[in-house]
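Here's the letter readout for the chains.
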Amino acid sequence: MPSQAGLGGGSPIRGDGEKLVPAQLKVWSNNVRGLNTPEKRTQLLRQLWAEKVSVALLQETHFRGQASPKLENRRFPLGYYANHPDAKKTGVAILFSRTVPFQLLDTLTDSEGRFIFLKGTIAHHTYTFACIYSPNRRQHTFLSKTLRKLEKFRDGMLILAGDLNVPLDPRMDTSRGASTVPDHSIRTMRRDLT
């Protein structure tokens, strides 16, 4: 389910020369479970455009190193990636619609493609976008370390999304109503996220 954050400010000029009207910034997050086929990439970009997504935060892209395919097209001309250097696993990406005049100030990525943090401006406001893809084990340890890095990096409004690979409320987030992740780990993660 997409989340929304306000986009305020004056009326700066978009990349295509039109004025940006203050509106809602539609942020969409999804675990895409691999994007190594052209058909899947094309389908994703069409869906993002059809749903009028402003910023897409994607997990599990499965791109490898620097030779990864790019997701940019004329509708989403700006993309930032963190990939695993040696294997088609993990990977995160953040894409910006052409309607969003994002100006990058700084970036921080994980060497194994587990997170990407972007700091930049939109309509004269500073935003930090963080996309996280947790491992299947020791999620609480990973999240705690990653959030400490994010706290040092962030500036302005924080937009955090991702796949934590753990149900934060097993009674509501699982069909069995229970999780194999220990309760103390889930409590730690919930506390770290507040």
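What you are looking at is a predicted structure, and each value in this text was computed from that prediction instead of being measured.

(A) Inspection of the packing of aromatic side chains at higher detail. Here the structure, examined in full by the defined rule, presents ten aromatic pairs. Relative to Phe102, the ring of Tyr80 lies with its centre 6.2 Å away and its plane at 75 degrees, an arrangement referred to as edge-to-face. On the criterion of sequence distance, the pair formed by Tyr80 in strand 4 (residues 78-82) and Phe102 in the loop between strand 5 (92-96) and strand 6 (103-109) is long-range, its members being 22 residues apart. A centroid spacing of 5.9 Å and a plane angle of 40 degrees characterise the contact between Phe117 and Phe153, whose relative ring orientation is tilted. On the criterion of sequence distance, the pair formed by Phe117 in strand 7 (residues 115-122) and Phe153 in helix 2 (residues 139-153) is long-range, its members being 36 residues apart. According to the relative accessible area criterion, Phe117 is buried, its value standing at 0%. Clustering of aromatic rings is evident, with ring pairs tying together Tyr80, Phe96, Phe102, Tyr127 and Phe129.

(B) Inspection of the UniProt feature "site: Transition state stabilizer" (unreviewed entry) in the protein at higher detail. Feature annotation in UniProt places "site: Transition state stabilizer" (unreviewed entry) on Asn165, given in this structure's numbering. Positionally, Asn165 belongs in the loop between strand 9 (157-163) and helix 3 (170-173). Given the relative accessible area of 24%, Asn165 is considered partly exposed. Setting aside residues no more than four positions away along its own chain, Asn165 makes contact with Tyr133, Ser134, Pro135, Asn136 and Gln139.

(C) Region of interest: helix 4 (residues 183-193). Within the sequence span of helix 4, burial applies to Ser185, Ile186, Thr188 and Met189. Projected down its long axis, helix 4 shows its buried positions confined to an angular sector of 160 degrees, all on one face. Summarising the geometry of helix 4, the exposed residues directed more than 90 degrees from the buried face are Asp183 and Arg191. Of the surrounding secondary structure, the elements contacted by the buried residues of helix 4 are helix 2 and helix 3.

(D) Fine view of a positive patch on the surface. Together, Arg138, Lys145, Arg148, Lys149 and Lys152 make up a positively charged patch on the protein surface. Along the chain, Lys152 turns up in helix 2.

(E) Examining the side chain of Gln139 more closely. Mapping Gln139 onto the fold places it in helix 2. Since its relative accessible area comes to 5%, Gln139 is described here as buried. In terms of polar contacts, Gln139 uses its side chain to reach the backbone carbonyl oxygen of Asn165, at 2.8 Å.

(F) Looking closely at the pattern of salt bridges. Going through the model one piece at a time under the given rule, you end up with two salt bridges. Residues Arg154 and Glu151 are paired through a salt bridge, measuring 4.0 Å at the closest nitrogen-oxygen approach. Judged by its relative accessible area of 52%, Glu151 is exposed. For the salt bridge of Arg191 with Asp192, the shortest nitrogen-to-oxygen distance reads 3.6 Å. Relative accessible area serves as the criterion here: at 54%, Arg191 is assigned to the exposed category. Taking the relative accessible area as the measure of exposure, Asp192 reaches 24% and is therefore partly exposed.

Rules behind the numbers
Residues numbered from 1 in each chain as written. Predicted model: local features only at pLDDT ≥ 70, side-chain atom pairs only at ≥ 80, totals over all residues. Heavy atoms only, no water. Phe/Tyr/Trp six-rings, centres within 6.5 Å; stacked < 30°, edge-to-face > 60°. Helix = DSSP H or I, 4+ residues; strand = E, 2+ residues; numbered from the N terminus. Buried < 20%, exposed > 50% of the residue type's maximum accessible area, 1.4 Å probe, protein only. UniProt positions renumbered as here; feature names shortened; annotations may be inferred. Contact = heavy atoms within 4.5 Å. Arc of directions from axis to C-beta. Patch = residues over 30% accessible without salt bridge, like charges linked within 9 Å, V, L, I, M, F, W, Y side chains within 5 Å. Areas by Shrake-Rupley, 256 points an atom, 1.4 Å probe, with all protein chains shown as cover. Salt bridge = Lys/Arg side-chain N within 4 Å of Asp/Glu carboxyl O. Lys, Arg positive; Asp, Glu negative; His and termini not counted. Charge placed at Lys NZ, Arg CZ, Asp CG, Glu CD. Polar contact = N/O pair within 3.5 Å; in protein donor to acceptor, adjacent residues only side chain to side chain.

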